[in-house]
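# A structural walkthrough
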Amino acid sequence: ADAVPLLELRDLHVFYGAIEALKGVNLTVGEGEVVALLGANGAGKSTTLKTASGMLSPRTGEVLLRGERIDGIASHELVKFAMGHVPEGRRVFARMSVLENLRMGAYRLRRPDPDDLDRVFTLFPRLADRRRQLAGTLSGGEQQMLAIGRALMGKPELLLLDEPSMGLAPLIVQQIFEILREINEQGTTLLLVEQNAAQALQLADRGYVLETGQVVMSDQAGALLSDPRVRAAYLGES
Ligand code: ATP
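Now for a description of the structure that goes with this document.

Cut-off values and rules
Residues numbered from 1 in each chain as written. Predicted model: local features only at pLDDT ≥ 70, side-chain atom pairs only at ≥ 80, totals over all residues. Heavy atoms only, no water. Core = buried A, V, L, I, M, F, W, Y, C linked by side-chain atoms within 4.5 Å. Buried < 20%, exposed > 50% of the residue type's maximum accessible area, 1.4 Å probe, protein only. Helix = DSSP H or I, 4+ residues; strand = E, 2+ residues; numbered from the N terminus. Contact = heavy atoms within 4.5 Å. Pairing = 2+ DSSP bridges. Axes fitted to C-alpha atoms, helices over the stretch in contact; angles between N-to-C directions. Phe/Tyr/Trp six-rings, centres within 6.5 Å; stacked < 30°, edge-to-face > 60°. Lys NZ or Arg CZ within 6 Å of the ring centre and 35° of its normal. 1 Å grid on protein atoms, 1.4 Å probe; cavity = no way out; pocket = protein on both sides within 12 Å on 5 of 7 lines; lining within 4 Å. Points joined across faces, edges and corners; volume = space filled by probe spheres on them. Nonpolar A, V, L, I, M, F, W, Y, C, P; charged D, E, K, R; others polar. Lys, Arg positive; Asp, Glu negative; His and termini not counted. Salt bridge = Lys/Arg side-chain N within 4 Å of Asp/Glu carboxyl O. Polar contact = N/O pair within 3.5 Å; in protein donor to acceptor, adjacent residues only side chain to side chain. Near = heavy atom within 4 Å. Sits in = over half its atoms within 2 Å of the grid points.

## Let's talk about the nonpolar core
- By size, the foremost hydrophobic cluster in this structure holds 49 residues, and its most contacted members are Ile148 and Leu180.
- Considering each element in turn, this core owes the most residues, 7 residues, to helix α7 (residues 170–185).
- Leave out the neighbours within four places in its chain, and isoleucine 148 touches Val86, Phe124, Leu159, Leu161, Ile176, Leu180 and Ile183.
- Within the second largest apolar cluster, 25 residues are counted, among which are Val35, Leu49, Ala52 and Leu191.

Encoded structure:
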């Protein structure tokens, strides 16, 4: 039998009032993998990540981390699970310094590890240079780096990333994806939501395509990259 996946979403049904945003989503992320979640605006990608990290509760269905059910656990209890969520739009603490933001990321740990800060500064030298600067005065790319760095300070086994490329210049997107690859090579599993399907599938091992709250395709990243339907719908080809 296969090993228990690190994350498993089973038949998730999630509602906003009367609107059913997820209509039976199934998805697994194996330890060490990079998994991309693709889909158009409103397909339910952010809702899937929020349900995985406990920000939303499914009406029915299950969220399992290493085979242990975590849906329905209060979010303050969820901190004991090694999951980091980098939300859409970055959400850094604008009036705190870079260093203060990073320290906030370690709140989950009883004993913060000083090596973690060095690791983040090695991955993101720009943050080291700007450690005293207020986060609100950073560029968009630097804020995205800070949001990722802050999540890493909690020593996540699994990092959920919601559109890390949003609103950023292509060169910065390239840099961020290179760093995500490095983070994965250092042992962190990634579940990545992206509008930038080409970029995401180049990094990912596997991918899922969501349409109106349902998984309509799932395959190895290379197979999705060459699939004519994916190319037409998400890679801007006809
Ligand atoms: P985007 O890239 O635009 O964020 P998405 O794939 O992440 O898209 P979701 O944000 O998960 O999509 O939204 C899925 C569906 O749920 C959409 O129809 C959206 O309008 C609806 N929805 C999302 N958040 C809410 C909310 N707070 N209240 C009501 N409906 C919502």
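## Quick word on the environment of lysine 50
- One can find lysine 50 in helix α1 (residues 45–52).
- Under the relative-accessibility criterion, lysine 50 is labelled partly exposed at 29%.
- Spatially, the C-alpha atoms of lysine 50 and valine 34 are 18 Å apart, while their sequence positions differ by 16 residues.

## Description of the sheet that holds strand β9 (residues 206–211)
- One open sheet accounts for 6 strands, arranged β6-β7-β8-β3-β9-β10; its pairing is mixed. On the outer flanks of this sheet lie β6 (83–86) and β10 (214–220), each paired with one strand and no other. Sheet twist, expressed as the mean angle between neighbouring strand axes with direction ignored, is 15 degrees.
- Across 6 bridges, β9 lies against β10 in antiparallel orientation. Its bridge partner being in β10, leucine 210 is matched across the sheet by valine 215.

## Quick word on the packing of aromatic side chains
- Within this structure, the stated rule accounts for 0 aromatic pairs.
- A cation over an aromatic ring shows up here: arginine 59 above the ring of phenylalanine 15, its NZ or CZ 3.6 Å from the ring centre.

## Considering the sheet that holds strand β2 (residues 19–29)
- Read across the sheet, 4 strands follow the order β2-β1-β4-β5 without closing on themselves; strand pairing throughout is antiparallel. Looking at strand neighbours, the two that pair on one side only are β2 and β5 (68–69), the edges of this open sheet.
- Where strand β1 (residues 7–16) meets β2, 8 bridges bridge the pair, whose relative direction is antiparallel. Paired with glutamate 8 across the two strands is threonine 28, which belongs to β2.
- With respect to the sheet, α1 is in contact with β1, β2 and β4 (60–65), its orientation differing from that of β1 by roughly 115 degrees.

## Things to note about the layout of surface pockets
- Estimated volume of the second largest pocket: approximately 170 Å³.
- Taken together, 16 residues make up the lining of the second largest pocket; nearest its centre are Gly42, Ala43, Gly44, Lys45 and Thr47.
- Contributions of two or more residues to the lining of the second largest pocket are made by β2 and α1.
- The class makeup of the residues in the lining of the second largest pocket is 4 nonpolar, 8 polar and 4 charged.

## Some points on the side chain of arginine 150
- As for its position among the elements, arginine 150 is in helix α6 (residues 140–152).
- It is glutamate 100 that comes nearest to the buried, bridge-free arginine 150 among opposite-charge side chains, at 11 Å.
- At 3.0 Å, the side chain of arginine 150 and the backbone oxygen of arginine 91 are in polar contact.
- If we skip the residues at most four places from it in the chain, arginine 150 touches Arg90, Arg91, Val92, Phe93, Asn101, Leu102 and Gly105.

## Digging into the site of the ligand
- Lining the immediate surroundings of the ligand are 13 residues, of which Gly42, Gly44, Lys45, Ser46 and Thr47 lie closest.
- Glutamate 88 has a polar side-chain atom sitting 3.5 Å from an oxygen atom of the ligand.
- One can see that the ligand is located within the second largest pocket.
- Residue classes in the shell around the ligand are distributed as 4 nonpolar, 6 polar and 3 charged.

## Focus: the environment of threonine 137
- Among the structural elements, threonine 137 can be located in the loop between α5 (125–129) and α6.
- Taking the C-alpha atoms as reference points, threonine 137 and alanine 94, 43 residues apart in sequence, are found 7.5 Å from one another.

## Here we look at the pattern of salt bridges
- Following the criterion strictly, the structure yields 12 salt bridges and no others.
- A salt bridge links glutamate 62 to arginine 69; the nearest nitrogen and oxygen atoms lie 3.2 Å apart.
- Put simply, arginine 229 and aspartate 227 hold a salt bridge, and the shortest N to O gap is 3.0 Å.
- On the basis of relative accessible area, arginine 229 is assigned to the exposed category, the value being 56%.
- Residues participating in the shared-partner salt-bridge network are Glu8, Arg10, Glu62, Arg69 and Asp71.

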